[in-house]
Amino acid sequence: FNQGDLTTQGQTDRYRLSLLAAAVSPTPWLELSAATLSSTLEQPSNASGRLVRLSDLSFHAKGSMSFLDQALALALEGSVRIPPPMSGAGANFSATSPGLALLATYIRSPVRVHLNTGFVFDNTRTLDNGNVTRQYALGITNYNQWASAVGIESRFALGNLWLVPF
C-alpha cells in the first residue's frame, strides 16, 4: 500500500508484503509447517535510509484424529510467531507470540463444515514505539487475540469437471 503524509509531510510511505511457507505431513495425523513473512517499508522519515526489511518466522504443528468413518475430524494446533530482529541487535524473543487452536471438520459429501477457535498470546506490544507505519508493518497489537470461525465448502460438478475449494 502507499500512504501519503503518514510520517513526513509531502512524502509517501510504501509497504510491500511477501510470504513464503512450507508444510510437511510425516504421518497421516501430523502436519508441520513454517512460514516467513517479509515486509519492505520505504519510509521517508527513516534517518538510516529509505528501505527497511522486516521478516518474522512462524511455526505450526497440528495433530488430528478422525471419527465416525472419517466423517468427523478433530485437531489441535500449536503455533509460535517469532518477530524479526530489531536494529540488527538479534532476535527479540520477548515479543514471541505462542498460540493454541482447536479445529473440527464434519464431512457429509459433498459438503464440509469447519469450526475453528484459537487464542494467541500476542507479545508484539514489546516492539511498539508509537509509529503507526511500524505497527502495521510488524503486525503489532496491544491485545491478545481470540479468533473463531465457521466455514462451509462444497464440490461442484460442471460436466466432467469438478470445482473443489482448496
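Since we're looking at a predicted model, the values are computed, not measured.

A. A look at the overall build of the chain. The helix and strand tally for the chain stands at one helix and 10 strands. Shown N-terminal to C-terminal, the secondary structure of the chain runs as helices and strands in the order β-β-β-β-β-β-β-α-β-β-β. Going through the 166 residues of the chain one by one, you find that 23% of them count as buried. In the chain, the proportion of contacts linking residues at least 24 apart, taken out of those at least 6 apart, comes to 44%.

B. Fine view of unusual backbone geometry. Although it is not a glycine, L68 adopts a positive phi angle of roughly 50°. By secondary structure assignment, the location of L68 is in the loop between β4 (51–67) and β5 (72–82). One non-glycine residue with positive phi stands out, namely D69, at about 55°. Checked against the element boundaries, D69 lands in the loop between β4 and β5.

C. A look at the side chain of T96. Mapped onto the elements of the fold, T96 is located in the loop between β5 and β6 (97–108). Look at T96 and you get buried, because its relative accessible area is 16%. Once you skip the residues sitting within four places of it in the chain, T96 turns out to touch V80, R81, I82, P83, F121 and N123.

D. Structural detail: the pairing of β6. Examined bridge by bridge, β5 and β6 share 10 bridges and lie antiparallel to one another. Across the sheet, residue A75 finds its bridge partner in β6, namely L103. As paired elements, β6 and strand β7 (residues 111–120) share 10 bridges and run antiparallel to each other. For L100, the partnering residue across the bridge sits in β7 and is F119. Between β6 and β7, which pair antiparallel in sequence order, lie two residues.

E. How the structure looks around a nonpolar patch on the surface. On the surface, M65, F67, L68 and L74 cluster together into a nonpolar patch covering about 400 Å² of accessible area. Note on placement: L74 falls in strand β5.

F. The side chain of S58, seen in detail. Among the secondary structure elements, S58 is positioned in strand β4. In contact with S58, not counting residues within four places along its chain, are S33, A34, A35, V80 and R81.

G. Fine view of the packing of aromatic side chains. Per the stated rule, a full pass over the model turns up two aromatic pairs. Measuring from centroid to centroid gives 4.6 Å for F119 and F121, while their planes differ by 75°, and the two rings are edge-to-face. Taken together through their ring pairs, the aromatic side chains of F119, F121 and W146 make up a single cluster.

H. Seen up close, the environment of S66. Within the secondary structure layout, S66 lies in strand β4. Judged by its relative accessible area of 38%, S66 is partly exposed. Through-space distance from the C-alpha of S66 to that of Y106 is 9.7 Å; in sequence the pair is 40 residues apart. Sequence-distant contacts of S66, that is, excluding residues within four places in its chain, are made with L72 and A73. Within polar-contact distance, the side chain of S66 engages the side chain of Q70 at 3.3 Å.

I. Local environment of the environment of V164. On the secondary structure map, V164 appears in the segment after β10 (161–163). Assessed through its relative accessible area of 53%, V164 is described here as exposed.

So, how was this worked out
Residues numbered from 1 in each chain as written. Predicted model: local features only at pLDDT ≥ 70, side-chain atom pairs only at ≥ 80, totals over all residues. Heavy atoms only, no water. Helix = DSSP H or I, 4+ residues; strand = E, 2+ residues; numbered from the N terminus. Buried < 20%, exposed > 50% of the residue type's maximum accessible area, 1.4 Å probe, protein only. Contact = heavy atoms within 4.5 Å. Pairing = 2+ DSSP bridges. Patch = residues over 30% accessible without salt bridge, like charges linked within 9 Å, V, L, I, M, F, W, Y side chains within 5 Å. Areas by Shrake-Rupley, 256 points an atom, 1.4 Å probe, with all protein chains shown as cover. Salt bridge = Lys/Arg side-chain N within 4 Å of Asp/Glu carboxyl O. Phe/Tyr/Trp six-rings, centres within 6.5 Å; stacked < 30°, edge-to-face > 60°. Polar contact = N/O pair within 3.5 Å; in protein donor to acceptor, adjacent residues only side chain to side chain.

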